[in-house]
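Architecture at a glance
As a plain string of letters, each chain reads:
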Amino acid sequence: MKLLSFEHRGRASFGLLRGEQDIVDLGGQGHADLRAALAAQALPALAERAAGLPATLRIDQVRLLPPIPAPEKIICVGVNYGNRNEEYKDGSAPPAYPSVFPRFPGSFVGHGQPLLRPPESAQLDYEGEIAIVIGRRGRRIAAADAWSHVAGLTCANEGTVRDWLRHGKFNVTQGKNFDASGSMGPWMVTADAFDPAAPLTVTTRVNGEQRQHDTTANLMFPFAELIRYISIWTTLEPGDVISTGTPVGAGVRFDPPRFLKPGDVVEVEVPGIGILSNPVADEQAHDKEPAC
């Protein structure tokens, strides 16, 4: 089941994608948004109800939002594919624990919306990833139970402003949180569509050129281990998102680097989920804070 969040004529809602184009609007079925529906454990009932409802919108009539527009937490994982650790060429052993950092909801846009290159930097980069959406609350979740806490999966472009990563000695928060620098979507595919033991592939293309491609079989910390580890120190809530890491091939790793520029189109594809596509644009002057 594909569930999406959208805006139509100024109204935010969520719904079920029927086929390739048709949307069954679920906004009037007792839940304010998809996050609220997850918190109420309402997806089975909504799926049953949607079967008897007509599709009243098409996907080209709405503005897609990230599947969970305002999660309580977005937790991102760095350097999680085995060959990415080797990419740093520092001779370090594989890490004993995941590297994690937060992102804020405003740093992500939905499918089809522009990624904004800020005026402070020309080093906007892409990072194609698979993101987990949590469906059931949990703390200190055992790895064996992790999949039962997953509502579904979506695609993410964990866009990064590279030079701002180095502003802090021990953190990357600044470079990971520019407004509208990343994207998520186009929808969430529910967990029952996946075999948790089967590897998934993620591919990133820029203007049709493949830049990243890998399989989750190469993750140093698989999905279940990420959920186990993260839930030790924070309670995972319905609608929380875990972005699970990006393969080798980001623009910064080319010689010379190949950062994103206005007019580029970035696609992140995960078979079984779909293709997340976003154009790149410069942030306009009216979007900036006025000078003091």
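Everything below is about the structure shown above.
Owing to the predicted nature of the structure, the values given are computational and were not obtained by experimental measurement.

**Considerations on the overall build of the protein chain**
In terms of helices and strands, the protein chain carries four helices and 19 strands. Scaling as 2.2 N^0.38, a compact globule of 292 residues should have a C-alpha radius of gyration of about 19 Å, and the protein chain matches this with 19 Å. Each principal axis of the C-alpha distribution contributes one length, and for the protein chain these read about 55 × 45 × 40 Å. The contacts of the protein chain with a sequence gap of at least 6 include a subset with a gap of at least 24, amounting to 75%. For the protein chain, the accessible area works out to roughly 13,100 Å², and carbon and sulfur atoms hold 53% of it. Within the protein chain, the 34 negative side-chain charges are centred at a point lying 2 Å from the centre of the 28 positive side-chain charges.

**Comments concerning the layout of surface pockets**
Approximately 320 Å³ is the volume attributed to the second largest pocket. As for the second largest pocket, its lining consists of 19 residues, of which Pro 196, Ala 197, Ala 198, Thr 216 and Phe 223 are closest to the centre. At three residues, helix α4 (residues 223-233) tops the list of elements feeding residues into the lining of the second largest pocket. The residue makeup of the lining of the second largest pocket, split by class, is 17 nonpolar, one polar and one charged.

**Observations regarding the pattern of salt bridges**
This structure, assessed with the given rule, holds 18 salt bridges. Between Arg 63 and Glu 7 there is a salt bridge whose closest N-O contact spans 2.8 Å. A residue pair is termed long-range when its members are at least 10 positions apart, and Arg 63 in strand β5 (residues 63-65) and Glu 7 in strand β1 (residues 2-8) qualify at 56 residues. Given the relative accessible area of 28%, Glu 7 is considered partly exposed. Between Arg 117 and Asp 282 there is a salt bridge; the shortest N-O distance is 2.7 Å. Residue Arg 117 is located in strand β9 (residues 115-117), and its partner Asp 282 is located in strand β19 (residues 274-282); the two are separated by 165 residues in the primary sequence. By relative accessible area, Arg 117 is classed as buried at 17%.

**Quick notes on α4**
For α4, the full list of buried residues reads Phe 223, Leu 226, Ile 227, Tyr 229, Ile 230 and Ser 231. On its buried side, α4 packs onto β6 (74-78), β11 (128-134), β12 (150-157) and β17 (241-243).

**Looking at the packing of aromatic side chains**
This structure, assessed with the given rule, holds two aromatic pairs. Ring centres of Trp 164 and Phe 178 lie 5.1 Å apart, and the angle between their planes is 90 degrees; on these two criteria the pair is classed as edge-to-face. In this pair, Trp 164 sits in the loop between β13 (160-161) and β14 (182-190) while Phe 178 sits in the loop between β13 and β14, placing the two residues 14 residues apart along the sequence. The partly exposed category is assigned to Trp 164, whose relative accessible area is 24%. Sitting over the face of the ring of Phe 254, Arg 211 holds its NZ or CZ atom 5.5 Å from the ring centroid.

**Some thoughts on the nonpolar core**
By size, the foremost hydrophobic cluster in this structure holds 38 residues, and its most contacted members are Leu 153, Ile 227 and Ile 242. Among the elements of the structure, β1, β6, β11, β12, β14, α4 and β18 (265-270) are those that each provide at least two residues to this core. In terms of residue count, the dominant contributor to this core is α4 (five residues). Aside from chain neighbours lying at most four places away, what touches Ile 242 is Ile 75, Val 77, Ile 130, Ala 131, Ile 132, Ile 134, Leu 226, Ile 227, Ile 230 and Leu 236. Counting residues in hydrophobic clusters, the runner-up holds 24 residues, among them Leu 3, Leu 26, Ile 68 and Ala 151.

**What about the sheet that holds strand β16 (residues 209-215)?**
Strand pairing in a sheet relies on backbone hydrogen bonds. The paired strands run either parallel or antiparallel. One open sheet accounts for five strands, arranged β9-β19-β18-β15-β16; its pairing is mixed. Of all strands in the sheet, those with a lone pairing partner are β9 and β16, marking the two edges. Averaged over neighbouring strand pairs, the angle between their axes works out to 20 degrees when direction is ignored. As paired strands, strand β15 (residues 201-206) and β16 are joined by six bridges and run antiparallel to one another. When the bridges of β16 are listed, Val 202 appears paired with Asp 214.

**A look at unusual backbone geometry**
In this structure, Pro 186 follows Gly 185 across a cis peptide bond, with omega equal to 0 degrees. Relative to the elements of secondary structure, Pro 186 occurs in strand β14. At the junction of Asp 255 and Pro 256, the peptide bond is cis and its omega measures out at 0 degrees in the coordinates. For Pro 256, the position within the fold is in the loop between β17 and β18. Its identity is not glycine, yet Gln 41 carries a phi of approximately 55 degrees, on the positive side. Inspection of the secondary structure assignment puts Gln 41 in the loop between α1 (34-39) and α2 (43-50). Given a relative accessible area of 46%, Gln 41 falls into the partly exposed group. A positive phi is found at Arg 140, a non-glycine position, where the angle reads about 50 degrees. Relative to the assigned elements, Arg 140 resides in the loop between β11 and β12.

Here is what the cut-offs are and how they apply
Residues numbered from 1 in each chain as written. Predicted model: local features only at pLDDT ≥ 70, side-chain atom pairs only at ≥ 80, totals over all residues. Heavy atoms only, no water. Helix = DSSP H or I, 4+ residues; strand = E, 2+ residues; numbered from the N terminus. Rg over C-alpha atoms; globule rule 2.2 N^0.38 Å. Contact = heavy atoms within 4.5 Å. Areas by Shrake-Rupley, 256 points an atom, 1.4 Å probe, with all protein chains shown as cover. Lys, Arg positive; Asp, Glu negative; His and termini not counted. Charge placed at Lys NZ, Arg CZ, Asp CG, Glu CD. 1 Å grid on protein atoms, 1.4 Å probe; cavity = no way out; pocket = protein on both sides within 12 Å on 5 of 7 lines; lining within 4 Å. Points joined across faces, edges and corners; volume = space filled by probe spheres on them. Nonpolar A, V, L, I, M, F, W, Y, C, P; charged D, E, K, R; others polar. Salt bridge = Lys/Arg side-chain N within 4 Å of Asp/Glu carboxyl O. Buried < 20%, exposed > 50% of the residue type's maximum accessible area, 1.4 Å probe, protein only. Phe/Tyr/Trp six-rings, centres within 6.5 Å; stacked < 30°, edge-to-face > 60°. Lys NZ or Arg CZ within 6 Å of the ring centre and 35° of its normal. Core = buried A, V, L, I, M, F, W, Y, C linked by side-chain atoms within 4.5 Å. Pairing = 2+ DSSP bridges. Axes fitted to C-alpha atoms, helices over the stretch in contact; angles between N-to-C directions.

All we've got here are geometric facts, nothing functional implied.
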